[in-house]
Structure formats: C-alpha cells, structure tokens
Amino acid sequence: MVQLKSDNPSFVLHGIDNVKYEDRPVPEISEDQVLIEIAKTGICGSDVHYLKHARIGSFVLEQPMCLGHESSGTVVKLGPKAGKSGLKVGSRVALEPGVSCRVCLHCKGGMYELCPDMSFAATPPIIYGTLARYYVLPADLCHPLADTVSFEDGAMMEPLAVGVHSVHTLGKCQSDQNVIVFGAGPVGLLCMAVAKALGARRIIAVDIQQERLDFATSYVATDSFLPPARAADEEPTAYTNRIAELIFSTLNIPARGKGSIDLAIEASGAPTCIQIGMHVLKPAGTYVQVGMGHNLTLPVPFFDVITKELKVVGSFRYGPGDYPLAISLVERGLIDLKPLVTQRYEFKDALEAFETTRAGKDPQGKPVIKCIINPPP
C-alpha cells in the first residue's frame, strides 16, 4: 500500500518570466484514470517558449498553468476501471501527456494526434503539467517501463516518440536506407538514433554548429556536414542549390540511384534547411517536416517536389504505437538515451534548468542537450 502525500508542489507559470511554486490540490481520479507520482521530468523547448512568451502560436496562456510534459513516474492509485489495463500500484511508467477525445474521425481513424479536442499537458487552455508531485492520466496513456529502463530514460520517451513518429511511422525508414537529418538538437539527435536503430546505412547530420555535429557523430551519425555561410550577394535559391551540391560532392552522395538519400528529416525549422532537404532527396524520396521555426510561411522548391515526385509530410507529436516502439528500442539496447541527459536539477532549481536550456550552456560552459528535473522532495 502506497502512502499518498497530502501536498502537490507545482511549478506554475503566471505570465512571461513569472513562475511560482504552488501547492495545488492532489488530483482526484475516476473511471479508467490513474494517479502518477512523478519521478523525472525533462525540459522541452516548448516549455521554455511558454516561460519567455506565454504563448505558442494560437495556444495562449490565460490562467496560471503548471509546466512540464516529458515525464516518468510510479502509479500510486487506480480508478475503478483502470485495472483492466494491467497497471497496478507500483507500476513504473512513461507518461504520454496528450488525452484525445477518442470519438472524433481522427481518433477513430487511428490519428489521435490530430484530434481537435486534444488535452495536452502544459498547453493552454489546459492548466495542468507534470512539474508537480502528482499527475492524472487515463491508464492506457501510461506506458510500462521494464526494470532495466531508468526513470530518466522514461522521461525521454516523450521526445523519442516524436522521433519514432517522424522516422518510422511517417518516414517509413527501412534497413539499408540513407537518411539526412537537419538540426542536431534533441529532436534531431533522437531522429538519428531511431534511424540507426531501424538499420539505416548512412545517417547524415547537418547543423550550423560544429560542436553539435561532433556530438552527433560520436553518438549515432555516420557523417556530418557544416554548411558554409551564404555570401552577401548570393540569392537564397542559389545558396540552397550550392549547399545541396556541396553535400553531394563532399560526402560522395549521388543524386539518384544506389547510395542516394532516401529520407530527409527536417528538425530545425530553418527555411534554408527545408529547401536543401528537398534538393538532396532522390526521386520518389520522402521528406518529413518535424521542426517548427519562427517563420514557416516560406518559398518551397515545388519543382523538386513535382519532378521528383517527392513525398512531403508534416509530423506532429506522436500517435498509436509510437510510445511502445520507443520504449522497446531502448529496452532492447538499440537506442541509448543516457548520453543525451547533460544536466540534472532539483525541483527547487527548476527555473535554473529552464534558463540553462534557453542559454544552450550551463554556467560551467557545458552544452545542453537535455535537462532533467527531479521530483518534489
């Protein structure tokens, strides 16, 4: 029998750069819900964006909201119908933090990530997040972790599921394919890790920071490419064409046929990378856009899309099967998440974790990939 604590310390956003620690009520559960005691929480770029802007696109903070959505924890209480899930008190789980309506056409059609009534942790108008002692979810969104998978790994399953959705579910990555990934931040690195786990022959990392590329090649990438700067008088289209040709020549990649690029994953949101990605793909190749930039209304090289019959698809969060596959890849040792956790913080230092994530380096100068926050004491 687990003894529940009576308090629920929470890290709550009230406005731009305005966060407070509050003791919120311990959530009540019903039906198929479970109460999870949070063990570890990772900081995502979207968390930092809410802290600094109190909005992302049309999701605008209108009332105090607990932050955090990348978490793992332990089931401490089950609703009356939650037992059918196989969970029990004491089950270690990774939290899938988006609850769909389950009845719309998208949910019924197996694409619940597109549900118009999705309730997602720490995303307005939802006021609940996982940077707290307790969080409530339906039992089927609590994915069991093997004893060999740590709570830190469990907290990383959320961004890893994003990578699985992009590379496996939508990109249809197969063994022996060649994959190029633009952006060597957390999501880009996880996309590379998924590609390697699925048997990709070459995994090419592209970024504008050599330090990130060095890490990517030490982690999973087989090749890296640092684009040279655009000349002052160089037209954007000429620049992206030049970079594509440099990728081909520098890395000895043909434009078509054996050894050409099968799959492009754009994880930076940079307009130039979007264009380069479509330039370097082989005919009938697949392009997946997962990165969200500040301006995604931009020129697209539709000549490439048309004449090469490219498959171009957007990737949003994750859907059915993505979490189980992510967990399986880690459990079987095909993906190692431990090198990606670069900083760890106590709950009382959560704001420092956010500021470090935003800065990209900690006070000691160590680059940030993923900050993990411990639970309330």
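Reading guide: rules and limits
Residues numbered from 1 in each chain as written. Predicted model: local features only at pLDDT ≥ 70, side-chain atom pairs only at ≥ 80, totals over all residues. Heavy atoms only, no water. Buried < 20%, exposed > 50% of the residue type's maximum accessible area, 1.4 Å probe, protein only. Helix = DSSP H or I, 4+ residues; strand = E, 2+ residues; numbered from the N terminus. Pairing = 2+ DSSP bridges. Right-handed = clockwise from strand over helix to strand, strands pointing away. Phe/Tyr/Trp six-rings, centres within 6.5 Å; stacked < 30°, edge-to-face > 60°. Lys NZ or Arg CZ within 6 Å of the ring centre and 35° of its normal. Core = buried A, V, L, I, M, F, W, Y, C linked by side-chain atoms within 4.5 Å. Contact = heavy atoms within 4.5 Å. Expected span 1.5 Å × (residues − 1). Axes fitted to C-alpha atoms, helices over the stretch in contact; angles between N-to-C directions.

Draft legend 1. Expanded view of the pairing of strand β20 (residues 370-373). Because side chains alternate across β20, one face comprises the buried residues K370 and I372, and the other comprises C371 and I373, equally buried. Pairing between strand β3 (residues 33-42) and β20: 2 bridges, direction antiparallel. Across the sheet, residue G42 finds its bridge partner in β20, namely I372. You can see the chain leave strand β19 (residues 341-345), run along helix α11 (residues 350-359) and come back into β20, and the turn it takes is right-handed.

Draft legend 2. Spatial organisation of the packing of aromatic side chains. Within the structure shown, the criterion is met by 5 aromatic pairs. Ring geometry for Y318 and Y323: centres 5.3 Å apart, planes at 85°, overall edge-to-face. Look at Y318 and you get buried, because its relative accessible area is 3%. In textbook terms, an aromatic cluster arises when at least three aromatic residues are bridged by ring pairs, as seen for F11, Y21, F347 and F354. A cation over an aromatic ring shows up here: R92 above the ring of F151, its NZ or CZ 4.5 Å from the ring centre. A cation over a ring is seen here: R317 above F120, with NZ or CZ 3.8 Å from the ring centre.

Draft legend 3. Structural context of unusual backbone geometry. Cis geometry is adopted by the peptide bond preceding P125, which originates at P124 and carries an omega value of 10°. Tracing the backbone shows P125 in the loop between β10 (119-120) and β11 (134-138). Unusually for a residue other than glycine, N252 sits at a positive phi of about 55°. Turning to its location among the elements, N252 is positioned in the loop between α7 (236-250) and β16 (261-266).

Draft legend 4. Up close: the sheet that holds strand β2 (residues 18-23). With respect to topology, 3 strands assemble into an open sheet ordered β2-β1-β6, the strand pairing being antiparallel. Two strands in the sheet have a free side with no partner beyond their single neighbour: β2 and β6 (65-66). Sheet topology places strand β1 (residues 9-15) next to β2; 6 bridges connect them, and they run antiparallel. What sits directly across from G15, in β2, is N18.

Draft legend 5. Geometry of the nonpolar core. Of all hydrophobic cores here, the largest spans 55 residues; its most connected members are M157, L160, M192, I265, I335 and L337. Within the residue set of this core, elements represented by two or more residues are α4 (157-170), β13 (178-182), α5 (186-197), β14 (202-206), α6 (210-219), β16 and α10 (322-331). Excluding its chain neighbours within four sequence positions, the residues that come into contact with L160 are L190, V194, A326, V330, I335 and L337. The next biggest cluster of nonpolar side chains, apart from the first, holds 24 residues, and it includes Y239, I247, M278 and Y287.

Draft legend 6. Here's a closer look at α7. End to end, α7 covers 21 Å across 15 residues, agreeing with the expected 21 Å (1.5 Å per residue, within 8%). Those residues of α7 hidden inside the fold are in contact with β13, β15 (223-225) and α8 (271-280). Positioned one or two residues after α7, N252 has a phi angle of 55°, which is positive.

Draft legend 7. Geometry of the pairing of β14. For β14, the tally of buried residues reaches 5 of 5 residues, placing the bulk of the element in the interior. Of the two faces of β14, both are covered, the one formed by R202, I204 and V206 as well as the one formed by I203 and A205. Here 5 bridges tie β13 to β14, and the two strands are oriented parallel to one another. Bridge pairing links N178 to R202 in β14. In this view, the connection linking β13 to its parallel neighbour β14 by way of α5 has right-handed handedness. Of the strand pairs in this sheet, β14 and β15 are connected by 3 bridges, and their pairing is parallel. Bridge pairing in β15 links I204 to D223.

Draft legend 8. Looking closely at the environment of T297. Within the fold, T297 resides in the loop between β17 (281-289) and α9 (302-307). As a C-alpha pair, T297 and P271 span 26 residues in sequence and 8.9 Å in three-dimensional space.

Draft legend 9. Quick peek at the sheet that holds strand β18 (residues 311-314). If you trace the 6 strands from one edge of the open sheet to the other, you get β15-β14-β13-β16-β17-β18, paired in parallel fashion. One side of each edge strand has no neighbouring strand; the edge strands of this open sheet are β15 and β18. The mean inter-strand angle of the sheet, taken between neighbouring strand axes irrespective of direction, is 15°. Two elements, β17 and β18, share 4 bridges in a ladder whose sense is parallel. By the bridge assignment, Q289 is partnered in β18 with G314. Packed on one face of the sheet, α5 meets β13, β14 and β16 and runs near 170° to β14. Packed on one face of the sheet, α6 meets β14 and β15 and runs near 170° to β15.

Purely spatial values, then, with no claim about function.
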